[in-house]
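Chain and residue survey
As a plain string of letters, each chain reads:
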Amino acid sequence: MIALAGCTLSHLVTFPFRATPDANAGAPPSRGLLLWLEGDDSLELDGAGRVARWNDARGRDRAAVSQLRFRGSPVTTTIATPYGPRRHTALRCAADSGRCAYWARDFRPGVPPLTLTGTPYSILAVVVRRPGPRFNNYFLMTTGTGCQNRFGGTGCTAGTVLHLGWAWDSMIRHSHYDFDVNSFVLLPAEGPVLIVAQSGPRGGMDVASLGAASAHTAFNSRPDPGPLIASNQLMVGGTPFFYPDGPDVPDWFFTGDIFALLVYDRELTLAERQQASDYLRNNYGPR
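Residues numbered from 1 in each chain as written. Predicted model: local features only at pLDDT ≥ 70, side-chain atom pairs only at ≥ 80, totals over all residues. Heavy atoms only, no water.

1. Quick notes on the sheet that holds strand E11 (residues 136–142)
Strand order in the open sheet formed by nine strands is E4-E5-E6-E9-E17-E11-E12-E13-E14, and the pairing between neighbours is antiparallel. Every other strand in the sheet has two partners, leaving strand E4 (43–45) and strand E14 (179–182) as the edge strands with one partner each. Pairwise comparison of adjacent strand axes, ignoring direction, gives a mean angle of 30° for this sheet. Here five bridges tie strand E12 (residues 163–167) to strand E13 (residues 171–176), and the two strands are oriented antiparallel to one another. From the neighbouring strand, Trp166 faces E13, where its bridge partner is Ile172. (Pairing = 2+ DSSP bridges. Helix = DSSP H or I, 4+ residues; strand = E, 2+ residues; numbered from the N terminus. Axes fitted to C-alpha atoms, helices over the stretch in contact; angles between N-to-C directions.)

Shown next as structure tokens:
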């Protein structure tokens with residue numbers, strides 16, 4: 001057990017990152033991998049050059065599809081990696097006309113919709129937060145009936161929705177609404193970050209800076225209470241469906257770049273978390 005400075009809560013060390021990623025890590029574990037998003041060649045653009053669909057790395061059977069024409073833009077960046085510079089294309093979500101809202105879907109016949117309701121889960125992501133007019137800056141969410149109230153109403157019900165991203169523009173949050181798992185750490189804006197979040201007694205969240213000028217450090221937090229008890233749609237980049245006000249509620253849209261997203265319908269073992277995080281660090285970070 002460790003305690004973060006200035007905080008009286010104890011925190012479990014559940015996701016230790018290797019000092020140096022395994023160069024032979026290979027692809028992330030495949031069992032239970034609901035959604036595997038990486039930019040590059042999997043972004044389908046509309047006539048205006050915006051991202052209409054983000055296909056799963058394994059093909060078009062699964063994808064994140066834009067809702068209500070809330071579409072981000074592709075952005076290509078050269079990233080320093082342990083094996084030299086690599087160019088990657090990310091989904092950029094911006095304010096106002098650049099807002100994102102993508103519904104994660106499975107199009108295979110007879111396969112149930114993508115959901116995390118009642119399901120243990122693991123999530124890994126490489127994202128960059130950018131300044132924007134957001135109190136909540138979440139890049140992955142689920143919609144749920146516990147949040148279908150206007151401001152001033154009863155608000156969300158514990159365990160009904162997932163939020164993963166930034167709160168207060170500095171604190172990284174893994175939340176079942178009022179079961180918040182925060183990093184309590186200020187990280188530099190506009191730098192790539194690896195986030196690992198997991199449900200269950202071995203769950204919680206780790207955050208690691210992937211910036212070339214930043215030391216690699218893991219921030220561990222208390223375990224999450226478990227799987228979601230209710231949710232509906234799994235949304236990437238933002239959601240216009242939380243409140244009756246719909247797309248006029250700006251607080252539920254991410255401002256930043258999403259490079260990679262792995263969503264599992266099970267809790268990964270320590271070795272599997274290290275394999276998946278090593279894969280992402282080898283491709284998106286210097287450490």
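2. As for the pairing of E14
Both E13 and E14 contribute to a ladder of four bridges, which runs antiparallel. Looking across to E14, one finds that His174 is bridged to Val181. Here E13 hands over to E14 after two residues, with Tyr177 in that stretch at a positive phi of 55°.

3. With respect to helix H1 (residues 270–284)
For H1, spanning 15 residues, the distance from its first C-alpha to its last is 21 Å, which sits close to the expected 21 Å at 1.5 Å a residue. Burial analysis of H1 places 12 of its 15 residues in the buried class, the great majority of the element. Taken residue by residue, H1 has Glu272, Arg273, Gln274, Ala276, Ser277, Asp278, Tyr279, Leu280, Arg281, Asn282, Asn283 and Tyr284 as its buried positions. Packed against the buried residues of H1 are strand E3 (33–38), strand E7 (73–81), strand E8 (84–93), strand E10 (122–129), strand E15 (193–198) and strand E18 (256–264). (Expected span 1.5 Å × (residues − 1). Buried < 20%, exposed > 50% of the residue type's maximum accessible area, 1.4 Å probe, protein only. Contact = heavy atoms within 4.5 Å.)

4. Points about the pattern of salt bridges
Summed over all chains, the structure comprises eight salt bridges. Residue Arg71 pairs with Asp46 through a salt bridge whose shortest N-O separation is 2.9 Å. Of the two residues, Arg71 is situated in the loop between strand E6 (59–66) and E7 and Asp46 in the loop between E4 and strand E5 (51–56); the sequence distance between them amounts to 25 residues. For the pair Arg71 and Asp46, a shared accessibility class is recorded, and that class is buried. Two residues, Arg58 and Asp56, come together in a salt bridge whose shortest N-O distance is 2.8 Å. Through salt bridges with shared partners, one network takes in Arg92, Arg130 and Asp257. (Salt bridge = Lys/Arg side-chain N within 4 Å of Asp/Glu carboxyl O.)

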